[in-house]
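As a plain string of letters, each chain reads:
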Amino acid sequence: MSVLGSFAFRTSHAAGSARLGWFTTPHGVVETPAFMPVGTHASVRGLAMHEIKDAGAQMVLANAYHLYLRPGDQMVRALGGLHAFARWQGPMLTDSGGYQVFSLSRYRTVTEAGVEFRSKLDGSRHQYTPEKVMQIERNIGADIIMQLDELIEGGSDHAASRAAMERSLRWLARCRTEFDRLSRDGRAPLDAFPVPDDAPPLASHDRDADLPAPPQALFPIVQGGTYADLRRASIDGIMQTGDWVGIAVGGLSVGEAKSAMYDTFDTCAPRLPWDRPRYLMGVGFPDDLLEAVARGMDLFDCVAPTRMGRHGTVFTADGKIQVQKSSHRTDRRPLTDTCPCPACTHYDRAYLRHLMVTEEPLGPRLLALHNLTFLLELMREARAQLTAGTFHAWQQAWLERYRQRVRGA
Ligand SMILES: [Zn+2]
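Summary of the structure given here. Everything numeric here is computed off the predicted structure, so don't read it as measured data.

**Let's talk about the packing of aromatic side chains**
Okay, step 1: Per the counting criterion, the structure on display carries 13 aromatic pairs.
Okay, step 2: An angle of 40° between the planes, with centres 6.3 Å apart, marks the rings of Phe23 and Phe219 as tilted. Here Phe219 lies in strand E12 (residues 217-219) and Phe23 lies in strand E3 (residues 18-25), a separation of 196 residues in the sequence.
Okay, step 3: Relative to Phe117, the ring of Tyr65 lies with its centre 5.6 Å away and its plane at 50°, an arrangement referred to as tilted. Placement of Tyr65 in helix H2 (residues 64-69) and of Phe117 in strand E9 (residues 115-118) is noted, with a sequence separation of 52 residues between them.
Okay, step 4: Members of the aromatic cluster, connected to one another through ring pairs, are Phe285, Phe315, Phe374, Trp398 and Tyr402.
Okay, step 5: One Lys or Arg, Arg176, reaches over the ring of Trp244 and ends 4.6 Å from the middle of that ring.

**Section: a nonpolar patch on the surface**
Okay, step 1: A cluster of nonpolar side chains, contributed by Met75, Leu79 and Phe85, occupies part of the molecular surface with about 220 Å² of accessible area.
Okay, step 2: Assignment of secondary structure puts Phe85 in helix H4 (residues 81-86).

**Focus: the pattern of salt bridges**
Okay, step 1: Taken as a whole and judged by the stated rule, the model has 24 salt bridges.
Okay, step 2: Within this structure, Glu112, Glu150, Arg167 and Arg170 form a network of salt bridges that share partners.

**Here we look at the environment of Ser17**
Okay, step 1: Counting through the fold element by element, Ser17 comes out in the loop between strand E2 (7-15) and E3.
Okay, step 2: Given a relative accessible area of 35%, Ser17 falls into the partly exposed group.
Okay, step 3: Taking the C-alpha atoms as reference points, Ser17 and Gln404, separated by 387 residues in sequence, lie 26 Å from one another.
Okay, step 4: When neighbours within four sequence positions are excluded, Ser17 is seen to be in contact with Trp274, Ala294, Arg295 and Gly296.

**Let's talk about the pairing of E2**
Okay, step 1: Looking at chain direction, strand E1 (residues 2-4) and E2 are connected through three bridges and run antiparallel. Each residue of the ladder has a partner; that of Leu4, found in E2, is Phe7.
Okay, step 2: Between E1 and E2, which pair antiparallel in sequence order, lie two residues; one of them, Gly5, sits at a positive phi of approximately 60°.
Okay, step 3: As paired strands, E2 and E3 are joined by six bridges and run antiparallel to one another. Across the sheet, Phe9 pairs through a bridge with Phe23, a residue of E3.
Okay, step 4: Connecting E2 to the antiparallel partner E3 that follows it, the hairpin turn spans two residues, and Gly16 within it adopts a positive phi of roughly 65°.

Definitions and cut-offs
Residues numbered from 1 in each chain as written. Predicted model: local features only at pLDDT ≥ 70, side-chain atom pairs only at ≥ 80, totals over all residues. Heavy atoms only, no water. Phe/Tyr/Trp six-rings, centres within 6.5 Å; stacked < 30°, edge-to-face > 60°. Helix = DSSP H or I, 4+ residues; strand = E, 2+ residues; numbered from the N terminus. Lys NZ or Arg CZ within 6 Å of the ring centre and 35° of its normal. Patch = residues over 30% accessible without salt bridge, like charges linked within 9 Å, V, L, I, M, F, W, Y side chains within 5 Å. Areas by Shrake-Rupley, 256 points an atom, 1.4 Å probe, with all protein chains shown as cover. Salt bridge = Lys/Arg side-chain N within 4 Å of Asp/Glu carboxyl O. Buried < 20%, exposed > 50% of the residue type's maximum accessible area, 1.4 Å probe, protein only. Contact = heavy atoms within 4.5 Å. Pairing = 2+ DSSP bridges.

Right under this line is the structure:
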C-alpha cells in the first residue's frame, strides 16, 4: 500500500501480474482494473453524466487541450473547477492534450522549449510548454493530471523514439518543478461567479470543500515505442525524477502489431512499482484490456469504443458486429444477452439497425452507451474473477470466445 498526500493505492488478490486494487483520490475510490470513459470536452459525446454513472463508470477523463481552447482553463476554474463544471462527483483525470496538439493543430513547431501550434478552431497561435500545461491542468482542476510529452508517429525508428523519449523525460522534470511550485503556492479560490440558490446541484455536496485548490497528482508517462531498451530507460528516468502517485504507459495502440503491444506491457510491468496504479493510455478494445489486465495494468481509457458505437460497430462476447448489416433487418435478438445497458434491455437488433439506417440520433447514442457499458461490465467481471481467484481461466475462456468468429453474426 502507498499513501502520498490525499492519494493512496492498495492491492490484493493478485493473479500472476494481474491485481485487484483500490485507488483513493480526493473525489473517491476507484476499484481497479477500471475503464475510464473519455469526456473530451468535459462530456462523453452524446451521453449525460448520470448515464455514464449508471453504466458503472468510476472515473472520467477530460482533455486539457480542448478545454484550454473552449471555454478556456481560466473559465473552467472560474466556474468552480472541472467537477463542478461537468457535474461529475467522482474522480477525474485530464490528459495534457499533447496528443491533440501533435495531431489536430493546423501546424506545429516542436522545440526543446515546447510546442507552438495554431488552434484548429480559429488559427490563433498558442504555445504549450511543460510549465504552461501544468498551469492549465491546475486551473481545470482534475484529480489526476498528465505530463506534457513529445509524441511521434507509430512505427518511428529507434533514433526518433529515443529522442522523443529523452525529451519527454526532460519535460517531465520541468512539469514536476512547476507542479510542485503550484502545489506549494496554492491558488486563488475557485468559483469566481457566485452560484445562485436555485442553481442546479453542484458536483460536490459540500461546496465550501471545493473552494480551496483541491489536491492533484501528476502522472508521468512511459514512452519509447515498442523498443524494450527505450521503455526500460524511460522507466528508469521517471523513477529518478521523483516519487509518483501513479505512472502511465503511453504511445501504444498506434498501429503496431498487437503482439508488440503485449510485449511492451511485459517489458514495463515488472519495472513499475507494484504499489502504484498503472494507467495504460489509449487502449480500449475488450481483448486488449484483458491482455493488459493479465500483464499488470490497472487503468484504461480510449475514445474508440464510443466513437465506434456511434458509427454502428458494437462489442459482443462473440466479437464485434456491424448493426447496419442487412442480416439484422428482421433480427429480434438483443445485441447481447447479458449486458445491462438500455440498448440491450429495451430493444432488438432490428430496431437498432433501423435507428442507424434512418440516422435517428437515438441510434448512435444507444450504441455508444452499449459499448461503454460492455467495457465497464468487463472490468467489473475481471475484478470479481480476481476476487474469486479464477481470473486466468476466465480470461482465457473469454478471449477464446471473443476471438472465435461466429458465422452469420
Ligand atoms: Zn448493451
